[in-house]
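Here is how the chains run, residue by residue.
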Amino acid sequence: MGGRRPRLSRDDIALTALDILDTEGLSALTMRHLAARLGVRAASLYNHVSGYDEIIDLIQDLVNQEIDLDTLRAAEFADGLMGFARSYRDAFLRHPHALPHLVRRQMASPNALRTFDALAGFLARHGVPEADVFVTMGMIDGAILGASLDLFEGGFGPSARYAASHPSLAAALAAADRDRVNEAAFELALRGIVAAIEGTLSR
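Keep in mind that what you see is a predicted model, and the values were worked out from it rather than measured.

Q: Explanation requested: the overall build of the chain in the structure shown.
A: When you go through the chain residue by residue, the secondary structure sums to 10 helices and zero strands. Listing the helices and strands of the chain from first to last along the sequence gives α-α-α-α-α-α-α-α-α-α. In terms of C-alpha radius of gyration, the chain reaches 21 Å, well past the compact-globule figure of 17 Å for 203 residues. By its C-alpha atoms, the chain is 70 × 50 × 25 Å across when sized along the principal axes. Residues counted as buried form 39% of the 203 residues belonging to the chain.

Okay, here's the thing in structure tokens:
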């Protein structure tokens, strides 16, 4: 007699799928490989999920669950928004291979919807006009995801490589603290966003 098959759940599927993305990359997440990691046949997955798209929704739910929404309870607008943005970015930096799967998808996961509902409520409470809340959310989301997906400093080699043909770029690279470029750029953009929103509120 064969051994008892492992009991399977949606949580097991989601956690294992996210682990595959984190450790093996985008191309590794297939229904066949996921089933193998779980010790079941691929057909068994369909007893718990409708298909690959639903697995991506479950992954989105897990990643969004890591965002600290308590930051949006801060009394000060800047503290709340900057704390939220940092936590949001940190969650996606922990799962860099998940991000390309999740962008441009219609929001379906409960935690993703809860995240944006909390952000919308925070903005409204701090005086952002209702007609402007959604576009403000889009600006914030775009800045965070851009800073998560594109680690700017990593796109350049040593400054000496550019000295002859692109001297201004070479000088900028040589003068920069390259270990801090991505973080510093994100913080600068974040402060600009907060200042821009606060400027509209003051008017």
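Q: Where do I start with the environment of Phe156 in this structure?
A: Among the structural elements, Phe156 can be located in the loop between helix H8 (130–149) and helix H9 (167–175). Among the residues examined, Phe156 registers a relative accessible area of 26% and is labelled partly exposed. Distance in space between the C-alpha atoms of Phe156 and Tyr88 is 26 Å, their sequence separation being 68 residues.

Q: Would you take a moment to explain the layout of surface pockets for this structure?
A: Summary: where empty space remains is shown by rolling a probe the size of a single water molecule over the atoms. The calculated volume of the largest pocket comes to roughly 170 Å³. Elements with a minimum of two residues in the lining of the largest pocket: helix H7 (110–125) and H8. Sorting elements by how many residues they give to the lining of the largest pocket places H8 first, with four residues.

Q: What should I look at first to understand the packing of helix H1 (residues 10–24) against helix H4 (residues 52–65) in this one?
A: Helix packing for two helices is described by the angle between their axes and how far apart those axes are. Where H1 meets H4, the closest approach of the two axes is 9 Å, and the angle between their N-to-C directions is 80°. As far as their axial angle goes, H4 and H1 are roughly perpendicular. Across from Arg10, Ile13, Ala14, Leu15, Ala17, Leu18 and Leu21 in H1, the residues of H4 making contact are Glu54, Ile55, Leu58, Ile59, Leu62 and Val63. Along the lines of polarity and charge, the residues of the contact of H1 with H4 split into 11 nonpolar, no polar and two charged.

Parameters at a glance
- Residues numbered from 1 in each chain as written.
- Predicted model: local features only at pLDDT ≥ 70, side-chain atom pairs only at ≥ 80, totals over all residues.
- Heavy atoms only, no water.
- Helix = DSSP H or I, 4+ residues; strand = E, 2+ residues; numbered from the N terminus.
- Rg over C-alpha atoms; globule rule 2.2 N^0.38 Å.
- Buried < 20%, exposed > 50% of the residue type's maximum accessible area, 1.4 Å probe, protein only.
- 1 Å grid on protein atoms, 1.4 Å probe; cavity = no way out; pocket = protein on both sides within 12 Å on 5 of 7 lines; lining within 4 Å.
- Points joined across faces, edges and corners; volume = space filled by probe spheres on them.
- Axes fitted to C-alpha atoms, helices over the stretch in contact; angles between N-to-C directions.
- Parallel < 35°, antiparallel > 145°, perpendicular 65-115°, else oblique.
- Contact = heavy atoms within 4.5 Å.
- Nonpolar A, V, L, I, M, F, W, Y, C, P; charged D, E, K, R; others polar.

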